[in-house]
Amino acid sequence: MINKTRLIDEFIELVSVPCPSKDEKQEAELIMAKLRELGLEPEMDKAHEKTGGTCGNVWAYVKGTVPNAPKLLFEAHMDSVAPTTGTKVVRKNGVLYSDGTTTLGGDDKVGVAAMLEAVRALKEDGVAHGDVQLCFTVSEEIGCLGVVSMDQSWIKADYGYCMDIGGAPGEITYAAPKLYDIYVTVKGKAAHAGIAPEEGVNAIMLAADALSKLPAYGRLDSET
Ligand SMILES: [Zn+2]
């Protein structure tokens, strides 16, 4: 059985550790200690050699009790949007908030906490299950760097679930919009403000003019 009090306490413990993108080491060590308490043997990959961060992705394998069941992978990211140092959780009407000086870190410690509690409940209740792989990734918030830098041969599962979206229990998101970054440099033209101001070209006005002529932005259609 999922223990709600334990789940919330563990969530609060997880968010109280600073974990900005590229510096998730403290969080990773806390998660690895918890995995060891669950009788698992967590390993860290070398994603940080590519990301330049302080640690890699954390992996653990929960051996199943049902042979030939599909192997499932659950993933959540360890980093949160800064500021993440000194997070104090405030409870109001059964909802958890930060005290306003930091982010709460619910994105994505809810996923981390849910995965830990699920494994704990599986073990306590002796639930029959197939092999389960856990993956806690780094630097999601700055472009999914942990996943991009991952050695995919570490993935042993047949199916994977990413625990990083809001919604009711049982709801599954299976598609998301793509993001394109477009960098444009707009150059104006200098002119003397007193002698020949009409010869000047204002770069901001030009950029605004171009932006205002974009065919569409924001929600493009029902699924974009
Ligand atoms: Zn997230």
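Before reading on, note that the structure itself is shown above.
The structure reproduced in this document is the subject of the present report. (Residues numbered from 1 in each chain as written. Predicted model: local features only at pLDDT ≥ 70, side-chain atom pairs only at ≥ 80, totals over all residues. Heavy atoms only, no water.)

Now for the pattern of salt bridges. Enumeration according to the criterion identifies 10 salt bridges in this entry. Measuring nitrogen to oxygen at the nearest pair gives 2.8 Å for the salt bridge that ties Lys 34 to Glu 10. Of this pair, Lys 34 sits in helix α2 (residues 25–37) while Glu 10 sits in helix α1 (residues 4–15), and the two are 24 residues apart along the sequence. Glu 10 carries the same exposure label as Lys 34, and that label is buried. Note that Glu 29 is salt-bridged to Lys 25, the shortest N-O span being 3.5 Å. (Salt bridge = Lys/Arg side-chain N within 4 Å of Asp/Glu carboxyl O. Helix = DSSP H or I, 4+ residues; strand = E, 2+ residues; numbered from the N terminus. Buried < 20%, exposed > 50% of the residue type's maximum accessible area, 1.4 Å probe, protein only.)

What follows covers the coordination of the zinc ion. On the protein side, the zinc ion has His 77 (NE2), Asp 107 (OD), Asp 164 (OD) and Asp 164 (OD) as donor atoms, found 1.9 to 2.4 Å from it. Bound by four donor atoms, the zinc ion shows angles of 55 to 143 degrees at the metal and therefore irregular coordination geometry. In the primary structure, the donors to the zinc ion are separated according to the pattern H-x29-D-x56-D. Here His 77, found in strand β3 (residues 72–77), pairs with Asp 164, found in the loop between β7 (159–162) and α6 (203–212); they are 87 residues apart in sequence, far enough to count as distant. (Donors = N, O, S within 2.8 Å, 3.2 Å for Na, K, Ca; no water. Tetrahedral: all angles 85-135°; square planar, octahedral: opposite > 155°, others 65-115°.)

The interhelical angle for the contact between α1 and α2, taken along N-to-C directions, is 150 degrees, at an axis separation of 10 Å. Across from Glu 10, Glu 13 and Leu 14 in α1, the residues of α2 making contact are Glu 27, Leu 30, Ile 31 and Lys 34. Its residues assigned to classes, the contact of α1 with α2 shows three nonpolar, no polar and four charged. (Axes fitted to C-alpha atoms, helices over the stretch in contact; angles between N-to-C directions. Contact = heavy atoms within 4.5 Å. Nonpolar A, V, L, I, M, F, W, Y, C, P; charged D, E, K, R; others polar.)

Now for the sheet that holds strand β6 (residues 132–137). With mixed pairing, the five strands of this open sheet are ordered in space as β1-β2-β6-β3-β7. Both outer strands of the open sheet, β1 (43–44) and β7, are each paired with one neighbouring strand and no more. Strands in contact with α2 are β1, β2 (58–62) and β6; relative to β2, the strand with the most contacts, it is inclined by about 15 degrees. Its contacts with the sheet put helix α4 (residues 106–125) on β2, β3 and β6, and the angle it makes with β3 is roughly 145 degrees. (Pairing = 2+ DSSP bridges.)

Next up on the list: the packing of aromatic side chains. What the rule picks out here adds up to two aromatic pairs. Ring centres of Trp 59 and Trp 154 lie 5.7 Å apart, and the angle between their planes is 45 degrees; on these two criteria the pair is classed as tilted. Taken together, the residues Trp 59 in strand β2 and Trp 154 in the loop between α5 (145–148) and β7 connect sequence positions 95 residues apart. Ring geometry for Phe 74 against Tyr 161: centres 5.5 Å apart, planes inclined by 20 degrees, an arrangement best described as stacked. Taken as a pair, Phe 74 in strand β3 and Tyr 161 in strand β7 lie far apart in primary sequence, 87 residues in all. Here Phe 74 falls in the partly exposed class, since its relative accessible area comes to 21%. When its relative accessible area of 34% is taken as the criterion, Tyr 161 is described as partly exposed. Over the ring of Tyr 97 we find Lys 92; its NZ or CZ atom is 5.0 Å from the centre of that ring. (Phe/Tyr/Trp six-rings, centres within 6.5 Å; stacked < 30°, edge-to-face > 60°. Lys NZ or Arg CZ within 6 Å of the ring centre and 35° of its normal.)

This paragraph deals with the state of the cysteines. Taken as a whole, this structure holds zero disulfides when the rule is applied. Of all cysteine sulfurs, the one in Cys 162 lies closest to Cys 144, which takes part in no disulfide; the gap is 8.0 Å. With a relative accessible area of 34%, Cys 144 lands in the partly exposed category. (Disulfide = S-S within 2.5 Å.)

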